[in-house]
Amino acid sequence: GIRARNPGVHVQAADAQAVYGRDHVLGVLKIVFEALERGVMIANRPEAEALLRLACTDQIEEAIRRAGLKSGRAGCFFAFSREDGLVRRLGEQLAQEFALDDSVIEPGRGKRTALARRLEIKAAGGEFVDHLLERAAILVKD
């Protein structure tokens, strides 16, 4: 698979409907890096931590249900590594294997309404990503 061919790169796939734009993903990854650095990750792997934070839950089954890749729906890959070139190479591989279309992660009214309802937060326009990231950040290890 993708992970096996790309040692040194953490790769996580997610349902594009769980991603509210590029800032949402970048914010989640920032939270993951901070949790990793401080030794307060909930999951045992950074990519699993990213899915938990994206889904705003501390339960992996729930994270998969909320934000995991779904058959027949647009997906999103996020990859991170300590080595920039490795992520770039993975991007080139993905471009050869999949029809890439960044628009599937773009914020939208329907996506915002669905995420707000599921997470029971306000669907306020401008600060919505901040609300999502606040919820992602407050998850703590038991």
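The model shown is predicted, which means the values in this text are computed figures rather than measured ones.

Cut-offs used in this document
- Residues numbered from 1 in each chain as written.
- Predicted model: local features only at pLDDT ≥ 70, side-chain atom pairs only at ≥ 80, totals over all residues.
- Heavy atoms only, no water.
- 1 Å grid on protein atoms, 1.4 Å probe; cavity = no way out; pocket = protein on both sides within 12 Å on 5 of 7 lines; lining within 4 Å.
- Points joined across faces, edges and corners; volume = space filled by probe spheres on them.
- Helix = DSSP H or I, 4+ residues; strand = E, 2+ residues; numbered from the N terminus.
- Nonpolar A, V, L, I, M, F, W, Y, C, P; charged D, E, K, R; others polar.
- Buried < 20%, exposed > 50% of the residue type's maximum accessible area, 1.4 Å probe, protein only.
- Pairing = 2+ DSSP bridges.
- Axes fitted to C-alpha atoms, helices over the stretch in contact; angles between N-to-C directions.
- Parallel < 35°, antiparallel > 145°, perpendicular 65-115°, else oblique.
- Left-handed = near helix turned anticlockwise from the far one by under 90°.
- Contact = heavy atoms within 4.5 Å.

(A) Local environment of the layout of surface pockets. What the largest pocket holds in volume is close to 700 Å³. Lining the largest pocket are 22 residues, with Cys76, Phe77, Phe78, Leu100 and Asp102 sitting closest to its centre. Those elements that provide at least two residues to the lining of the largest pocket are helix 2 (22-38), strand 2 (75-80) and helix 5 (84-97). Here the lining of the largest pocket is composed, by residue class, of 17 nonpolar, two polar and three charged. Its volume calculated, the second largest pocket comes out at about 200 Å³. Lining the second largest pocket we find His10, Phe33, Glu34, Leu36, Glu37, Phe80, Ser81 and Arg82.

(B) Geometry of the pairing of strand 1 (residues 10-15). Extensive coverage of strand 1 is indicated by the burial of five of its six residues. Pairing geometry for strand 1 and strand 2, over six bridges, is antiparallel. Paired with Gln12 across the two strands is Phe78, which belongs to strand 2.

(C) Representation of the packing of helix 2 against helix 3 (residues 46-55). Put simply, helix 2 and helix 3 touch, their axes get as near as 9 Å, and they point 125° apart. The angle between helix 2 and helix 3 places the two elements in the oblique class. The hand of the helix 2/helix 3 crossing is right-handed. Contacts from His24, Val28, Leu29, Ile31, Val32, Ala35 and Leu36 of helix 2 reach helix 3 at Pro46, Glu49, Ala50, Arg53 and Leu54. Of the residues contributing to the contact of helix 2 with helix 3, the split by class is nine nonpolar, one polar and two charged.

(D) Main features of unusual backbone geometry. The phi dihedral of Cys56 is positive, around 55°, even though this residue is not glycine. By the secondary structure assignment, Cys56 is in the loop between helix 3 and helix 4 (60-67). In this model, Glu120 sits at a positive phi of 55°, which is unusual for a non-glycine residue. Here Glu120 shows up in the loop between helix 6 (109-119) and helix 7 (128-137).

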